[in-house]
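Observations on chain architecture
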Amino acid sequence: MTKYKIGIDVGSTHTDAVILDENNIIHAEKTMTTPDVTTGIINALRVVLERSGINVDDVATVMFGTTHILNAIVQRRGLGKVGVIRVGLPATEAIEPMLDWPSDLRSTVNGGIAMIRGGHDYTGEPLADFDENSVKNALRTFVENKVNAIAVTSVWSVVNPEHELRIRELANELVPGLPVVLSHEISSIGLLERENATILNAATINVMINAVNALRTALINMGLGHAKMYFAQNDGTTASADYITKFPIFTVIAPVSNSIRGAYVLTGIKNAIVADTGGTTTNIGALVNGYPREALEVEIGGVRTNIRAPDIIAIGLAGGSIVEVRDGDVKVGPVSVGYRLIYEGIAWGGDTITATDIALAKDAMKIDDPKCNPELARSKIPSWLVERAYAKMVEMLEDALDRIKLRPEPETVILVGGGSAMWPKTLRGAREVIRPGHAQYANAIGAATALVGAVVEKAYSYEQVSRDKAIQDASEEARKRAIEAGADPSTIEVAEIEEIAMPYLPGNAVKIRIKAVGKLKL
């Protein structure tokens, strides 16, 4: 019996859904994204099931690439109160947690802050005696403040998590049932960024639980109660619903990674520049060994974090970008008509000139929509404006492609996304330009085909441990986390090993980063 996988990806304009068997795309659909995200996902799922005609009993998994967490943080909606514990006194007293957060987000999330003695050096040795009584007092205060979760960050816990683990034990004894998020399980070296990511994770746990429950109910109502649920992660891998409810921050930028991973699946090219053009923005990233190149730091809702996330340049240039002439100059974007393109665009009988109208008038693209009439764009937009606007659009894209490159040589460029058809077949700085079949569904394809994965990043002193033992230790932890995320243990392999010297620390210190991936455990 054929087993199908369904991938769903939420974009700012459209929500895409695809059904795949082991090797082929069976059916794909686009529906409008809705303000609450969940309704749009359910609509896309219902449409793709109805029009494909497959038997729902044959669906094994449903993978979601969702913006629930990003929307909650950006809009400050549905976030929980977090009790924050930092272990590190007396060394970390100068800057308190959340000091540089936007004031509205800080007041929404802050359920109390406790800074206590303890923490470790990068060698794993204690910096100060652990103050257990202060932890107990903080936990009691958090209960009085009615927090929804607790975020714990200890100095150099990525090397020695002893104090973070002890706080979880104390919390389980004193405040059982209250989620406790430990920073060494969230991100890596960099106290403040790791702490920020841990707090945001704790604040969004209930958002993700509610989303998972709503989607699970929808699956049951559609006869898909047997299908396993997975969620796309920021690094181009996927993880089970149970895992993601503990670590929702790992999904916050996942839809962007989906398009890069989808570009690899559609072309088989492991290393390239990928441009994903939607209705409002074009996101440009690098594909490295089949996965998105990751950034060292990412800002979410005005907060600096160091979670795993794709290295992306986003420009306000896409299919719905508004084109206008101001002070004799042609402007393209960043304002977009978004999903209203099919109502307001010139080619659909509207009165707003968009980037899509320019491409249609230039005869650079075709749209398979009986309501779209390119002749309207050609007759209503002056030819000089078509030429100048299209040249400007291409120049904006080429400049952005140039900024994401790490070397001067021309590189392969893969174009994906619903708006990617408007780009020319040659671009400055590109060795070749590829727009694969099903490019408009690359995001959902990336979500449906992702492997289960986990990343571990730890610091070691090679004066205290050998290089082989350090890599083995980090690899074992990455494998353990991949299994926890839902990978089949027999299929797990180490996909990436990164070793970076830290010459600013004594003891021949290095940072080792391991990514482990495996197939879904069905």
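Residues numbered from 1 in each chain as written. Predicted model: local features only at pLDDT ≥ 70, side-chain atom pairs only at ≥ 80, totals over all residues. Heavy atoms only, no water.

Going by the annotation in an unreviewed UniProt entry, the name recorded for the protein chain is Hydantoinase subunit beta, with Vulcanisaeta souniana JCM 11219 given as the source organism.

1. Notes on the sheet that holds strand β6 (residues 110-117)
Taken together, 4 strands build an open sheet; the order of strands is β6-β5-β7-β8 and the sheet is parallel. If you trace the sheet from one side to the other, it starts and ends with β6 and β8 (180-182), each paired once. If you compare each strand with its neighbour and ignore which way they point, the axes differ by 20° on average. The pairing of strand β7 (residues 149-154) with β8 spans 3 bridges and is parallel. Across the sheet, the residue bridging to Val-152 is Leu-182, located in β8. Contacts between helix α4 (residues 132-144) and the sheet are confined to β5 (82-89), β6 and β7, with β6 contributing the most and set at about 175° to the helix. (Pairing = 2+ DSSP bridges. Helix = DSSP H or I, 4+ residues; strand = E, 2+ residues; numbered from the N terminus. Axes fitted to C-alpha atoms, helices over the stretch in contact; angles between N-to-C directions. Contact = heavy atoms within 4.5 Å.)

2. Re the packing of α4 against helix α5 (residues 162-174)
For the pair α4 and α5, the least separation of the axes is 10 Å and the interaxial angle reads 45°. Taken together, the axis directions place α4 and α5 in an arrangement best described as oblique. In this structure, α4 crosses over α5, and the sense of that crossing is right-handed. Between α4 and α5, the contacting residues are Glu-132, Val-135, Lys-136 and Leu-139 on the first element and Arg-166, Ile-167, Leu-170, Ala-171 and Leu-174 on the second. Partitioning the contact of α4 with α5 into residue classes produces 6 nonpolar, no polar and 3 charged. (Parallel < 35°, antiparallel > 145°, perpendicular 65-115°, else oblique. Left-handed = near helix turned anticlockwise from the far one by under 90°. Nonpolar A, V, L, I, M, F, W, Y, C, P; charged D, E, K, R; others polar.)

3. Details of the side chain of Ser-257
Along the chain, Ser-257 falls in helix α9 (residues 254-267). Take Ser-257: its relative accessible area is 0%, and that puts it in the buried class. Sequence-distant contacts of Ser-257, that is, excluding residues within four places in its chain, are made with Gln-233, Asn-234, Asp-235, Gly-236, Pro-292 and Pro-310. (Buried < 20%, exposed > 50% of the residue type's maximum accessible area, 1.4 Å probe, protein only.)

4. Quick look at the domain arrangement of the protein chain
Partitioning the protein chain into domains gives domain 1 (79-204), domain 2 (268-439) and domain 3 (451-520). Inter-centroid distance (C-alpha atoms) of domain 1 to domain 2 is 42 Å. Facing the 14 residues of domain 1 at the interface are 9 residues of domain 2. With both sides pooled, the region where domain 1 packs onto domain 2 buries about 850 Å², and carbon together with sulfur makes up 52% of that total. Viewed at the interface, domain 2 and domain 1 are joined by 2 salt bridges. Glu-193 is paired through a salt bridge with Arg-304; the nearest N and O atoms lie 2.6 Å apart. The tally of links from domain 1 across to domain 2 stands at 7 residue pairs in polar contact (both at pLDDT 80 or more). Among the elements that take part in the side of domain 1 that touches domain 2, helix α6 (residues 191-203) stands out by supplying 5 residues, more than any other. (Domains from an automatic or database assignment. Buried area = accessible area lost by both parts, 1.4 Å probe. Salt bridge = Lys/Arg side-chain N within 4 Å of Asp/Glu carboxyl O. Polar contact = N/O pair within 3.5 Å; in protein donor to acceptor, adjacent residues only side chain to side chain.)

5. Concerning the nonpolar core
With 84 residues, the main nonpolar core has Ile-73, Val-109, Phe-231 and Ile-512 as its most contacted residues. Leave out the neighbours within four places in its chain, and Ile-512 touches Val-456, Glu-457, Lys-458, Tyr-460, Tyr-462, Ala-470, Ile-471, Ala-474, Glu-498 and Glu-499. Grouped together as the second largest cluster of nonpolar side chains are 42 residues, Ile-353, Val-386, Ile-404 and Val-413 included. (Core = buried A, V, L, I, M, F, W, Y, C linked by side-chain atoms within 4.5 Å.)

6. Description of helix α7 (residues 205-221)
Each turn of an α-helix holds 3.6 residues, which means side chains three or four residues apart point in the same direction. Compared with the 24 Å implied by 1.5 Å per residue over 17 residues, the 24 Å span of α7 between its first and last C-alpha is a close match. Those residues of α7 that sit buried are Ile-205, Val-207, Met-208, Ala-211, Val-212, Leu-215, Ala-218 and Leu-219. Seen end-on, α7 carries its buried residues on one side only, within an arc spanning 155°. For α7, the exposed residues set more than 90 degrees away from the buried face come down to Asn-210, Ile-220 and Asn-221. Backbone geometry just downstream of α7 places Gly-223 in the positive-phi region, at approximately 80°. (Expected span 1.5 Å × (residues − 1). Arc of directions from axis to C-beta.)

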